[in-house]
Amino acid sequence: MSADLQQDFFALFGLPRRFRIEEAALEAAYHDLHARVHPDRHAHLPDADRRRAMQWATRVNEAFRTLKQPLSRARYLVELAGVEAGFENNTAMSPEFLMEQMEWREAVEEAESAADATALEHLHQRLRNHTRELLGQLERQIDAEHAWNDAADTVRRLMFMERLRHQIDDALEALDN
Amino acid sequence: MALLQIAEPGQSAEPHKHRLAAGIDLGTTNSIVATVRSGVTECLPDEQGRTLLPSVVRYRADGGVDVGHEAAAAAANDPRNTIVSVKRFMGRGLADITHHGSLPYEFVEGEGMVRIRTVQGVKSPVEVSSEILAALARRAEATLGGPLTGVVITVPAYFDDAQRQATKDAARLAGLNVLRLLNEPTAAAVAYGLDNASEGVYAVYDLGGGTFDISILKLSRGIFEVLATNGDSALGGDDFDHRLVEWACESAGVRPGSERDMRVLFDAARAAKEALTDTETASLRATLSSGDDLDVEVSRATFERITADLVRKTLAPVRKALRDADLSPEDVKGVVMVGGATRMPQIQRAVAEFFGRAPLNDLDPDRVVAIGAAIQANVLAGNRAEGDDWLLLDVIPLSLGIETMGGLVERIVPRNSTLPIARAQEFTTFKDGQTAMAIHVVQGERELVADCRSLARFELRGIPPMAAGAARIRVTFQVDADGLLSVSAQELSSGVEASIVVKPSYGLSDDEIAEMLRAGMEHAGEDMLARALREQIVEAERVIEATQHALWVDGGLLSPEERQTIDAAIAELQALCAGTDHRAIKAGIEHLTRATDGFAARRMDQSIRSALAGRNVNEIVP
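Because the structure is predicted, anything quoted here is derived from the model rather than measured. Positions within a chain are numbered from 1, following the residues in the order the chain's sequence is written. Chains carry letters and ligands carry numbers; both start at the beginning, A for chains and 1 for ligands, and go up in the order they are written. Owing to the predicted nature of the model, reporting of local features is limited to residues with pLDDT of at least 70; listing and counting of side-chain atom pairs is limited to 80 or more, with chain, interface and lining totals taken over all residues. Excluding hydrogens and water, the side-chain values take into account all heavy atoms of the structure.

What's the story with the sheet that holds strand β6 (residues 65-67) of chain B in this structure? I'm lost.
Strand pairing in a sheet is mediated by backbone hydrogen bonds. Such pairs are either parallel or antiparallel. Residue and element names in this part refer to chain B. In spatial order, the strands read β6-β5-β7; together these three strands make up an open sheet with antiparallel pairing. If you trace the sheet from one side to the other, it starts and ends with β6 and β7 (82-84), each paired once. Looking at each pair of strands side by side, their axes are set apart by 15 degrees on average, direction ignored. Paired strands, as defined in this entry, are two strands with at least two bridges between them according to DSSP. The helix count covers DSSP runs of H or I at least four residues long, the strand count covers runs of E at least two residues long, and both are numbered beginning at the N terminus. Here strand β5 (residues 56-59) pairs with β7 via three bridges, running antiparallel. Its bridge partner being in β7, V56 is matched across the sheet by V84. For this analysis, residues touch if any pair of their heavy atoms sits within 4.5 Å. Lines are fitted to the C-alpha atoms to define the axes, a helix being fitted only along its stretch in contact, and any angle between axes, read from their N-to-C directions, falls within 0 to 180 degrees. Most of the contacts of helix α2 (residues 125-144) go to β5, to which it runs at about 110 degrees, and overall it touches β5, β6 and β7.

Quick look at the structure:
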């Protein structure tokens with residue numbers, strides 16, 4: 001096992017390359033690595049060590065952020081599998097999903113323009129439930145079936161759900177102020 | 001074969017010397033310096049036994065500078081030249097400063113930061129703050145009996161990049177080596193957490209003289225992990241004083257006629273505010289320059305009524321921080337109160353109501369930040385003792401973004417990301433043969449550039465000329481553990497590093513700081529060259545000591561030839577230090593740093609490998 005800055009995030013944390021991860025193990029590995037690489041541990045050392053420490057700590061933070069969130073973890077796994085998913089640009093989606101998207105958007109916009117916090121909270125809850133379902137689906141697609149194209153599709157759906165969640169959060173925050 | 005060095009258990013075989021370090025709480029109203037001595041953390045008093053140094057600087061007509069109590073005593077008689085609450089001006093333009101019209105200063109809107117005209121010329125907030133830092137450093141050095149290796153300076157968690165940079169520049173002007181800029185609530189959490197061996201989620205509610213911070217932290221097995229932070233860097237105890245002044249003048253039907261009046265009124269308001277913490281009524285008395293005597297009674301109920309919106313204003317950031325941490329108030333195990341302004345009963349009550357539990361007031365809210373900073377400084381200086389294996393993971397308080405078409409912000413680093421963090425972004429040219437481009441970096445949460453704070457304009461130069469859209473320039477935004485941004489850029493197809501010229505929007509340029517340093521030394525009758533030489537020698541000694549320590553611990557990783565190269569670089573640098581050429585010493589330091597680069601990489605590699613080896617190998621899938 002070599003420890004270089006290029007190794008993948010799962011290897012960095014000594015975790016199996018899977019969608020289902022043990023959060024406690026991830027966190028323990030994250031803390032363990034930071035105890036060694038964090039700039040505060042190297043503040044009294046020569047500049048060369050301090051530069052290295054910053055690079056490593058930056059990498060460890062990026063790895064943790066990527067693996068902690070299920071959506072970014074799934075995206076990362078799809079990319080590691082070599083699937084050209086084009087998450088940022090590829091908007092080719094099933095008509096059924098496009099319909100679903102429209103319905104969600106309309107519901108959120110309606111609640112937003114009515115400044116209806118209860119409706120927004122309700123949508124938030126529905127969104128959470130739906131997200132949970134999709135995450136279950138992802139686990140099957142990635143860990144059991146290795147169905148990477150299907151997984152990529154689910155990731156795109158979840159990315160949409162996440163944007164919608166941000167929109168609802170922003171609307172709720174605006175109502176707060 | 002190298003001989004193994006064996007130390008007695010519990011004893012170090014290394015010739016280790018204790019490095020002098022201090023923590024400085026550079027506050028809006030008061031500042032404090034603290035240090036760890038033989039395992040005990042203490043705030044250092046002045047000769048009269050006072051630990052709090054009023055953050056007041058007076059520039060006298062005779063060329064002298066007073067800092068602290070003497071300056072504060074003269075504030076009413078010499079308000080224009082006596083700078084109070086300078087922290088509010090750090091990294092700020094005139095338009096950012098609330099009630100600047102009622103402050104007794106002659107502001108000068110300079111390039112970037114606001115300045116103040118004094119009898120000793122125009123001063124920037126950075127210079128004023130450096131006087132406070134220098135006074136505290138002198139106190140520490142006199143008490144400890146030697147020069148400080150480094151200091152940790154605390155800043156409000158909600159300070160943006162410009163305010164942090166200004167604080168670091170002030171330390172540089174004061175000739176201090178900054179080990180770390182530490183967020184005030186995090187410093188308090190360290191002091192509290194280590195004191196109580198706490199585990200779980202804690203909130204730190206920090207209302208100082210001029211700033212408000214809320215941080216949510218998770219304490220687990222020696223890791224202090226900030227989950228989210230929020231605040232208002234222009235809200236503090238001063239605003240409560242201001243309300244009292246306005247109310248008193250209105251109810252007595254008087255108007256402050258001079259700058260002196262303003263100072264006298266503020267002092268009276270502060271005294272009344274402090275009295276109301278323990279009594280139901282207090283009087284606010286002042287003699288104005290018109291000869292009018294102001295004498296009004298203020299009840300606690302009135303005070304609470306006229307400041308209720310200020311108290312409420314602190315709760316919005318609390319809600320936002322909890323939301324960002326994905327927690328609700330009942331998930332918080334304890335709320336640590338920090339800052340003198342949290343003594344006000346209405347603050348205590350509001351926090352208790354919000355979190356549904358009594359806040360924690362067992363540490364002195366004025367000193368807890370300096371104590372935490374001193375503990376951190378001690379460890380960062382390399383005095384880590386057995387069992388000192390705790391670690392801080394802090395976050396960036398405000399999102400970083402860049403300006404895109406139409407004055408919109410594209411977010412690059414989201415707020416509450418754990419530091420350090422780097423994000424790379426690719427750009428291309430839009431004209432044939434284009435060799436330069438500008439990137440405008442802003443900080444804040446809004447969508448429009450105009451609503452965010454402009455941090456800096458980075459101009460990339462030296463892009464190889466290509467057809468429009470052919471160049472691929474990767475720009476890396478790195479935020480270090482101090483929360484400070486640096487930017488680097490590379491053209492990917494040619495590998496050419498683009499050079500970067502930074503124009504900070506609210507800071508001082510390197511030239512300005514160099515000029516201030518020069519002027520300061522001239523004023524103190526100090527020789528510029530002598531100081532540069534002294535600084536380089538101190539730095540060289542630090543690097544040599546650190547390298548020798550690394551060799552002592554991990555020398556086995558080197559081949560005899562590699563070892564020889566490093567030893568030679570050390571010997572060369574030692575020889576240079578006996579001379580008087582500060583530039584040659586600087587070059588020698590750089591040479592030694594280059595010579596140890598591979599060694600540093602191997603050391604880090606070994607450390608990470610041993611972290612992985614500690615886990616079950618079967619868990620590691622190829």
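So much for the structure itself; the text now carries on.
Please explain the pattern of salt bridges as it appears in this structure.
When charged atoms on two side chains of opposite charge get close, those side chains can pair. By convention in these notes, a salt bridge is any Lys or Arg side-chain nitrogen within 4 Å of a carboxyl oxygen on Asp or Glu. Scanning the model with the defined rule gives 51 salt bridges over all chains in all. The salt bridge involving A:D169 is made with A:R165; its shortest N-O contact spans 3.8 Å. Pair noted here: A:D169 and A:R165 are both in helix α7 (residues 148-176), with a separation of four residues, about one helical turn. Only protein chains enter the calculation, and the probe is 1.4 Å; a residue is then buried if its accessible area is under 20% of its type maximum, exposed if over 50%, and partly exposed in between. We classify A:D169 as partly exposed; its relative accessible area is 22%. Overall, the relative accessible area of 29% leaves A:R165 in the partly exposed class. Between B:R117 and B:E106 there is a salt bridge, and its shortest N-O distance comes to 2.9 Å. In this pair, B:R117 is assigned in strand β9 (residues 114-118) and B:E106 in strand β8 (residues 106-109), connecting sequence segments eleven residues apart. When its relative accessible area of 38% is taken as the criterion, B:R117 is described as partly exposed.

Help me understand the side chain of B:D394 in this model?
All names here are of chain B. Tracing the sequence through the fold places D394 in the loop between β19 (391-393) and β20 (400-404). As used throughout, the charge tally considers Lys and Arg to be positive and Asp and Glu to be negative, leaving His and the chain termini uncounted. In this structure, D394 is buried with no salt-bridge partner, the nearest side chain bearing the opposite charge being R164 at 7.0 Å. Here the side chain of D394 touches N183 through a polar contact of 3.2 Å, side chain to side chain. For D394, the side chain forms a polar contact with the side chain of T186, separated by 2.6 Å. In protein, a polar contact requires one atom able to donate a hydrogen and another able to accept it; more generally it is a pair of N or O atoms within 3.5 Å, and residues adjacent in sequence count only if both atoms are side-chain atoms.

Is there a simple way to explain unusual backbone geometry in this structure?
Trans peptide bonds make up the majority, and among non-glycine residues the majority have a negative phi. B:P420 follows B:L419 through a cis peptide bond whose omega is -5 degrees. You will see that A:H146, though not glycine, has its phi angle at about 50 degrees, which is positive. Tracing the backbone shows A:H146 in the loop between α6 (117-144) and α7. Judged by relative accessible area, A:H146 falls into the partly exposed class, the value being 48%. Phi at B:S85 takes a positive value of approximately 55 degrees, unusual for a residue other than glycine.

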